[in-house]
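Observations on the model geometry
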Amino acid sequence: MKKVVVIFNGGTISMRVDERIHAAIPTLKGEEVMSMVTGIEEFAEIESYDFSNNPGPHMTPKIMLELSNYIKKFLERDDVSGVVVTHGTDSLEETAYLLDLTIDSDKPVIVTGAMRNSSELGYDGPANLAASICTAISDESRKRGVLVCMNNEVHLASQVTKSHSMNLDAFRSPEFGSIGIVDDNKVLYYRRAFMKRQFITSDKIEDKVALIKAVAGDNSDVMKYLISIGYKGFVIEGMGRGNVPPAMLEGIKMAIDNNLPVVLVSRCFNGRVLDSYGYEGGGKTLRNMGVIFGDDLCGQKARIKLMLALGENKDLDRIKEIFEEGRY
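The notes below deal with the structure included here. Since the structure is predicted, the reported quantities are computational estimates derived from the model, not experimental observations.

Let us look at the overall build of the protein chain. Tallying secondary structure elements over the protein chain gives nine helices and 16 strands in all. In summary, the protein chain has a C-alpha radius of gyration of 20 Å against a globular reference of 20 Å for 328 residues, a match within 12%. When its C-alpha atoms are laid out on the principal axes, the protein chain stretches across 60 × 45 × 30 Å. Expressed as a percentage of the 328 residues in the protein chain, the buried residues total 51%. Sequence-distant contacts in the protein chain: of pairs separated by 6 or more residues, those separated by 24 or more amount to 73%. As displayed, the protein chain has an accessible area near 14700 Å², and 48% of this comes from carbon and sulfur atoms. Averaging the locations of the 39 positively and 46 negatively charged side chains of the protein chain gives two centres separated by 4 Å.

Moving on to the pairing of strand S5 (residues 82–86). Burial within S5 is extensive, with five of its five residues counted as buried. By the alternation rule, side chains of S5 split into Gly82, Val84 and Thr86 and Val83 and Val85, which are all buried. Two strands pair when backbone bridges link them, and strand S1 (residues 3–9) and S5 are joined in this way by four bridges, in the parallel orientation. Counted as the bridge partner of valine 5 is valine 83 from S5.

This next bit is on the side chain of serine 132. Here serine 132 lies in helix H4 (residues 125–136). On the basis of relative accessibility, which here comes to 0%, the residue serine 132 falls in the buried class. With near-sequence residues (within four places) excluded, serine 132 lies in contact with Val84, Ile110, Thr112 and Cys149.

A separate point is helix H5 (residues 221–228). For H5, the complete set of buried residues consists of Met223, Leu226 and Ile227. Down the axis of H5, the buried set is contained in an arc of 100 degrees. They therefore lie on one face. Along H5, the residues that are exposed and aim more than 90 degrees away from the buried face are Asp221, Tyr225 and Ser228. For H5, the elements touching its buried residues are strand S13 (209–213), strand S14 (233–238), helix H6 (249–257) and strand S15 (262–266). In the segment just after H5, glycine 230 is the residue with positive phi, at about 100 degrees.

A few words now on the layout of surface pockets. Taken as a whole, the largest pocket spans an internal volume of roughly 1000 Å³. For the lining of the largest pocket, the elements supplying multiple residues, two or more each, are helix H3 (92–102), strand S9 (161–162), helix H8 (299–312) and helix H9 (316–324). By residue class, the composition of the lining of the largest pocket is 16 nonpolar, 13 polar and 16 charged. Roughly 170 Å³ of internal volume is contained in the second largest pocket. Lining the second largest pocket we find 16 residues, and of these Ala127, Ala130, Ala131, Cys134 and Asn185 sit closest to its centre. Secondary-structure elements contributing two or more residues to the lining of the second largest pocket are H4 and strand S11 (180–183). Sort the elements by how many residues they give to the lining of the second largest pocket and H4 lands first, with five residues. Looking at the lining of the second largest pocket, its residues break down into ten nonpolar, four polar and two charged.

For H8, built from 14 residues, the straight-helix expectation of 20 Å at 1.5 Å per residue is met to within 8% by its first-to-last C-alpha distance of 20 Å. The buried count for H8 comes to eleven of 14 residues, which makes it a mostly enclosed element. Listing the buried residues of H8 in full gives Gly299, Lys301, Ala302, Ile304, Lys305, Leu306, Met307, Leu308, Ala309, Leu310 and Gly311. Buried positions along H8 lie against helix H2 (61–75), H3, S13, S14, S15 and H9.

Moving on, we get to the sheet that holds S13. Spatial strand order, S13-S14-S15-S16: four strands in an open sheet with parallel pairing. Every interior strand has two partners, whereas the edge strands, S13 and strand S16 (292–293), have only one.

All right, on to the environment of cysteine 134 then. Following the sequence through the fold, cysteine 134 ends up in helix H4. Overall, the relative accessible area of 5% leaves cysteine 134 in the buried class. Sequence-wise, cysteine 134 and alanine 44 are 90 residues apart; in three dimensions their C-alpha atoms are separated by 8.1 Å. Other than its neighbours up to four places away in sequence, cysteine 134 contacts Asn185 and Val187.

Procedures and definitions
- Residues numbered from 1 in each chain as written.
- Predicted model: local features only at pLDDT ≥ 70, side-chain atom pairs only at ≥ 80, totals over all residues.
- Heavy atoms only, no water.
- Helix = DSSP H or I, 4+ residues; strand = E, 2+ residues; numbered from the N terminus.
- Rg over C-alpha atoms; globule rule 2.2 N^0.38 Å.
- Buried < 20%, exposed > 50% of the residue type's maximum accessible area, 1.4 Å probe, protein only.
- Contact = heavy atoms within 4.5 Å.
- Areas by Shrake-Rupley, 256 points an atom, 1.4 Å probe, with all protein chains shown as cover.
- Lys, Arg positive; Asp, Glu negative; His and termini not counted.
- Charge placed at Lys NZ, Arg CZ, Asp CG, Glu CD.
- Pairing = 2+ DSSP bridges.
- Arc of directions from axis to C-beta.
- 1 Å grid on protein atoms, 1.4 Å probe; cavity = no way out; pocket = protein on both sides within 12 Å on 5 of 7 lines; lining within 4 Å.
- Points joined across faces, edges and corners; volume = space filled by probe spheres on them.
- Nonpolar A, V, L, I, M, F, W, Y, C, P; charged D, E, K, R; others polar.
- Expected span 1.5 Å × (residues − 1).

The following block contains the structure:
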């Protein structure tokens, strides 16, 4: 029987309602949650560990990197077939993507959580855990990178996002859809990843990276201020194909003149950025200024990637290579 390590890292899956304040708070230990996953011992041998009891918004990129290093120690063990990690859903996609960029292992790493706490009817935590463990023990899950398993669907960490604030099927991969499902206690895959995985071998992370969303009539005030207080990099969620209001160009130029990387992604759910437009503030203008294009990444994942890239190397050519290699 295969052994799976389950690492509890907080989130709604470990919460119940406190009657004094009538709101959910972190309460349950990992063993308490595992006790609700009835019958799992027939499928896998489980070791469970408590890493943290953080709600999703309490996670930071530095804690994510610590979690990555913690997971690697278990993956190095010959007797461990895979790892399942619980996580708060608010930042789950960011942690899963950081793990995908930093863990180079053929063994499955599955990230899961819950949309309902243990005091609610229809608490989905145990079912998501069971499906994730079934995914982790499958030989078909090897060499697929970090996966997210929620609501019996399996997604690539690089593509998944939380698309709804409360539904059980909140996690979606807008561009290409899920890669598989869990049915009858087995994971069934319907497609493989389209891209070669990337790894960033950094033992530290640069947390002073800002995400700025371009909106109509936007200007450079925020960016200029962030440069003045020492920010080291920027991700801009541009409009459409990757364009910004003209008044943002001053701040972008200031960043580039100060040797600070500026990565461009789209605020659209689907599609990638490209230098299609030559007007002031268009993608061609940004490309000529030295802006790095972030392909089809969403803003929050591009920020995680830039944080890791800056932790590895502050050379702009290397950072450009990390984001654009083979894509432009």
